[in-house]
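The residues making up each chain are set out below.
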Amino acid sequence: MVIEKNYFFFKTLRVVLGDEKLREALHAKRHAYITGLSYNASLGEEEVRVKIKKTPVIDFAGRTDEDFLRAANDTTRNEIRRTFKTPELSFKIPDQNRKEIWRMYAKFERAGGRVLRKFGYFEKSFFAGAYYHEKLISAIVCYDSKPYLRVHAIVSLRKAEPELKKYISFATRRLVFELAKCARERGYTWLDLGGVNLKDEAKAGIDAFKLSFGARLIDEYTYTYKGGLFGLLG
C-alpha cells in the first residue's frame, strides 16, 4: 500500500509492505521524507535508517476456522465462541461505514495521546466493524497490501455504558476472527496484527491482546529516509 502526500514544497511517501516500490523510492530519493514497512531486511541504502521490531502474524496456509480457535489462548477462544450465542452482535467486513469508524478511531487515539491520522490517509485502507444492536462498538483499520493485510489500529467505543462494556472485549476478539476469515477467503497470505514492543509496559495490554490469537512472531523492518530540511530536523 502506497500513501503519497504533498506538504507545501515537499513530497512524502509511505510504503507498507510493497518492497519493489520501497526499494525504488529509497534508491531514487525523490521524496523529502520516505518511510516504509517491510519483512525484508535488505532494502536499506546509505542515509536510510532501519528499525527492527517484532510483529505477530496469523498465517492462513492450510488453516481452517477451527484451527484458528485452537491456536488462540483459552480466554480468547471462549470469548469468541460466546459471541456465536449473542445474536445482538453483528460484524461488517469490509465495513463501508468508514467515516463513523474514523470518528471512533479519532476519539480513541486522542484519548491515548497518540498521533492522529486524517480521514484521507485511510482512502485505500480496509475497515472492519463490530456492532451491538447496530451500534458500532469496536473497529479495526488495516493497510491493504495484498497478499498481506496489516492492522493499523484496533479501537473501541470510549466511555461505553455498562450494558455495552461487557460485550466490547468479546466483540473485538470475534472481529479479529472474522477479519482473518474474510482475508483468507479473499486470497491474502496472512493477517499481520501490527508490531509489538514486549519491553514497553504501557503497551502490555494491547500486546497481550494481539498475542492471544496464537500468532507467530516475525521480524518487521521500518525504513526511514529524510532529505533536505527533513534531514536537518534529525
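Report follows, based on the coordinates. Because the structure is a prediction, the values reported are computed rather than measured. (Residues numbered from 1 in each chain as written. Predicted model: local features only at pLDDT ≥ 70, side-chain atom pairs only at ≥ 80, totals over all residues. Heavy atoms only, no water.)

## Description of the pattern of salt bridges
Here the structure, examined in full by the defined rule, presents 15 salt bridges. When the shortest N-O distance is used, the salt bridge between Arg23 and Glu20 registers 2.8 Å. Taken together, the positions of Arg23 and Glu20, both in helix 1 (residues 19-28) and 3 residues apart, correspond to about one turn of that helix. On the accessibility criterion, Arg23 (29% relative accessible area) is partly exposed. Judged by relative accessible area, Glu20 falls into the exposed class, the value being 59%. Notably, a salt bridge pairs Asp67 with Arg70, separated by 2.5 Å at the nearest N-O pair. With Asp67 and Arg70 both in helix 2 (residues 65-71) and 3 residues apart, this pair spans about one turn of that helix. (Salt bridge = Lys/Arg side-chain N within 4 Å of Asp/Glu carboxyl O. Helix = DSSP H or I, 4+ residues; strand = E, 2+ residues; numbered from the N terminus. Buried < 20%, exposed > 50% of the residue type's maximum accessible area, 1.4 Å probe, protein only.)

## Some thoughts on the side chain of Ser145
Inspection of the secondary structure assignment puts Ser145 in strand 7 (residues 135-145). A polar atom in the side chain of Ser145 sits 3.0 Å from the backbone nitrogen of Met1. Looking at Ser145, its side chain comes within polar contact range of the main-chain oxygen of Val16, at 2.7 Å. Contacts of Ser145, omitting those with residues within four sequence positions, involve Met1, Val16 and Leu17. (Polar contact = N/O pair within 3.5 Å; in protein donor to acceptor, adjacent residues only side chain to side chain. Contact = heavy atoms within 4.5 Å.)

## As for a nonpolar patch on the surface
A cluster of nonpolar residues, Tyr7, Phe8 and Phe9, forms a patch on the protein surface that exposes about 510 Å² of accessible area. Structurally, Tyr7 is set in strand 1 (residues 2-7). By relative accessible area, Tyr7 is classed as partly exposed at 45%. (Patch = residues over 30% accessible without salt bridge, like charges linked within 9 Å, V, L, I, M, F, W, Y side chains within 5 Å. Areas by Shrake-Rupley, 256 points an atom, 1.4 Å probe, with all protein chains shown as cover.)

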